[in-house]
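Take a look at the letters that make up each chain.
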Amino acid sequence: MIHLNIDGREVKCEQGRTILDAARENGIDIPTLCHDERVKSYGACGLCMVEIDGSPRLIRACGTVAAGGMIIRTSTPRVLRSRKMTLELLLSDHAGDCRAPCSLNCPGHTDCQGYVGLIANGRFEEALKLIKDIIPLPASIGRVCPHPCEKECRRKLVEEPINILHLKRFAADWDLASARPYLPDVEPDSGKRVAIVGGGPGGLSAAYYLRQGGHEVTVFDAMDEMGGMLRYGIPEYRLPKAVLDAEIDIIKRLGINTRNNVRLGRDVTLASLRTRYDAVILAVGAWRSMPMGCPGEELGSVVGGIDYLREAAQNNPVYRGSRVAVVGGGNTAMDACRTAVRLGADEVFTLYRRTREEMPAEEIEITEAEQEGVVFKYLVNPIEFTGENGVVTEVKLQKMTLGEPDASGRRAPVPLKGETETLSVDLVIIAIGQGLDPTGLEEVELTRRKTVAADERTFET
């Protein structure tokens, strides 16, 4: 044991303990926001500063080992001024302080810290309720979200990021497996009626929250079943449809009306919905595959990525192909190439105009596609499709190199003049982005903005 003096009191503590430990063990309060005994100190918030006789500067109590004979002062004017300035600096920027970087980086701004903490303490139901404040389909989203939250998780500064995505999925799966899955309270009827066009995650989420407010809600969807892209754009191996069905059933049990096989512009019009409902929400999704605009694209066995995945999800006859080329580097391209493998293709190629490092698809999707036998051809870009009897037989590829950084901050692909190659194929799937099908929306003024597609080509939508 060693002896030291804190604020005029003679105290003792075990050798090797910090000043903060010594103070706490002797009932002396030194404020701190960041200190956690389970985590080694790599930095500090700066609130635990103290004065030590003989030191010209203030010392962090949490990171300074106590020494015998130390004389420590925790509340001098100099210490109080330092703490005041530290607090003012912390409060001047709420980003990452009042709200964690994981939540700020989440597109839905979910309370990641909140539900991770609740799960860690075994409070699964409370965690699920907190998640569903923002995400009504957490079991589905917990399987397909690209989890940008984890890229900003501060735990990576200590060891590795918290597995936020799978914790969300865990809480949701736990709830679905329970005898009585969670249903939020519904307020008394408001007398208001709302029509939602589109039964995908956007439309279903709107219905979930509107119904809680006591409004009568009807969801119209053009497809046979609700779910939108979660059902028709994401393969079964990534999102089992039994999971999606279970979550949609919970939403329906709130008293939401659903009508399938109703297409805007064919079966109903926006004008007719406006006369029957107090409000109309448009959540029609992006169901149109973006074209490449190169010769031969009209061939019958050149298809869009979304179209290909939709037909496969509906178990419709699709042109399977034995040598399949998938154009693009995003998750839709990965879904398409891995689906082609599952449909029996002998060879599947992914064509991407940059390198692997620039691919926007999730690393796990790329790695698993490679493991399943997909061949990745980098720094190539299709410039022409040729075929016979309406079926593609070859794709001509322009070889590329990487030039100076473009607007995305990455090196732009630049054609190598005169350098091409030809690839024999009998099916091409173009997965370079999605857009809106404006059919039925003639009454709506559609705004135009530039969007970056799956492989970073830019389109007007």
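Residues numbered from 1 in each chain as written. Predicted model: local features only at pLDDT ≥ 70, side-chain atom pairs only at ≥ 80, totals over all residues. Heavy atoms only, no water.

## So, the pairing of strand 16 (residues 391-405)
- One ladder, built from eight bridges, connects strand 15 (residues 380-388) with strand 16; its direction is antiparallel. Bridging across to strand 16, Glu-384 finds its partner in Lys-396.
- Linkage of strand 15 to strand 16, two consecutive antiparallel strands, is achieved through a turn of two residues, within which Asn-389 is found at a positive phi near 55 degrees.
- Bridge analysis of strand 16 against strand 17 (residues 411-424) gives nine bridges, and the strand direction is antiparallel. Across the sheet, Gln-398 pairs through a bridge with Thr-420, a residue of strand 17.
- Linking two consecutive strands that pair antiparallel, namely strand 16 and strand 17, is a turn of five residues; a positive phi of about 90 degrees is found at Gly-409 within it. (Pairing = 2+ DSSP bridges. Helix = DSSP H or I, 4+ residues; strand = E, 2+ residues; numbered from the N terminus.)

## Description of helix 4 (residues 112-120)
- Listing the buried residues of helix 4 in full gives Cys-112, Gly-114, Tyr-115, Val-116, Leu-118 and Ile-119.
- Residues of helix 4 that are buried sit in contact with helix 3 (101-105), helix 5 (124-132), helix 7 (148-151) and helix 8 (164-176).
- Downstream of helix 4 by one or two residues, Gly-122 has phi in the positive range, about 75 degrees. (Buried < 20%, exposed > 50% of the residue type's maximum accessible area, 1.4 Å probe, protein only. Contact = heavy atoms within 4.5 Å.)

## Observations regarding the sheet that holds strand 2 (residues 9-13)
- Taken in spatial order, the five strands make up an open sheet running 2-1-5-3-4, and their pairing is mixed. Both edges of this open sheet fall to strand 2 and strand 4 (59-60), since each of them pairs with a single strand only.
- Sheet analysis places strand 3 (residues 49-52) next to strand 5 (residues 71-73), joined by two bridges and oriented antiparallel. Residue Ile-52 lies in a different strand from strand 5, and its bridge partner there is Ile-72.
- On the sheet, helix 2 (residues 77-92) packs against strand 3 and strand 5 and is oriented at approximately 160 degrees with respect to strand 3. (Axes fitted to C-alpha atoms, helices over the stretch in contact; angles between N-to-C directions.)

## Thoughts on the sheet that holds strand 6 (residues 193-197)
- Spatial ordering of the open sheet is given by 8-7-6-9, a layout of four strands whose pairing is parallel. Edge strands, defined here as strands with exactly one partner in the open sheet, are strand 8 (257-259) and strand 9 (279-282). Taking each pair of neighbouring strands and ignoring which way they run, the sheet shows an average axis angle of 20 degrees.
- Of the pairings in the sheet, the one linking strand 6 to strand 7 (residues 216-220) comprises five bridges and is parallel in character. Residue Ala-195 lies in a different strand from strand 7, and its bridge partner there is Thr-218.

## Structural notes on unusual backbone geometry
- Its identity as a non-glycine residue notwithstanding, His-109 has a phi of 50 degrees, on the positive side.
- The topology assignment puts His-109 in the loop between helix 3 and helix 4.
- Looking at His-109, the relative accessible area reads 39%, which means it is partly exposed.
- Positive phi, normally seen in glycine, also occurs at Asn-389, with a value near 55 degrees.
- Along the polypeptide, Asn-389 turns up in the loop between strand 15 and strand 16.

## Examining the pattern of salt bridges
- According to the stated counting rule, one finds 29 salt bridges in the structure shown.
- The salt bridge involving Arg-73 is made with Asp-53; its shortest N-O contact spans 2.2 Å. Of the two residues, Arg-73 is situated in strand 5 and Asp-53 in the loop between strand 3 and strand 4; the sequence distance between them amounts to 20 residues.
- Judged by its relative accessible area of 34%, Arg-73 is partly exposed.
- Judged by its relative accessible area of 40%, Asp-53 falls in the partly exposed class.
- The salt bridge partner of Glu-421 is Lys-377, with a shortest N-O separation of 3.3 Å. Note that Glu-421 is positioned in strand 17 and Lys-377 in strand 14 (residues 375-378), a separation of 44 residues in sequence. (Salt bridge = Lys/Arg side-chain N within 4 Å of Asp/Glu carboxyl O.)

## What to know about the packing of aromatic side chains
- By the definition in use, this model includes six aromatic pairs.
- Seen from their ring centres, Phe-376 and Tyr-378 are 5.9 Å apart, and the 20 degrees between their planes marks the pair as stacked.
- Residue class for Phe-376 comes out buried when judged on its relative accessible area of 13%.
- Overall, the relative accessible area of 24% leaves Tyr-378 in the partly exposed class. (Phe/Tyr/Trp six-rings, centres within 6.5 Å; stacked < 30°, edge-to-face > 60°.)

Interpretation in functional terms is not warranted from these geometric data alone.
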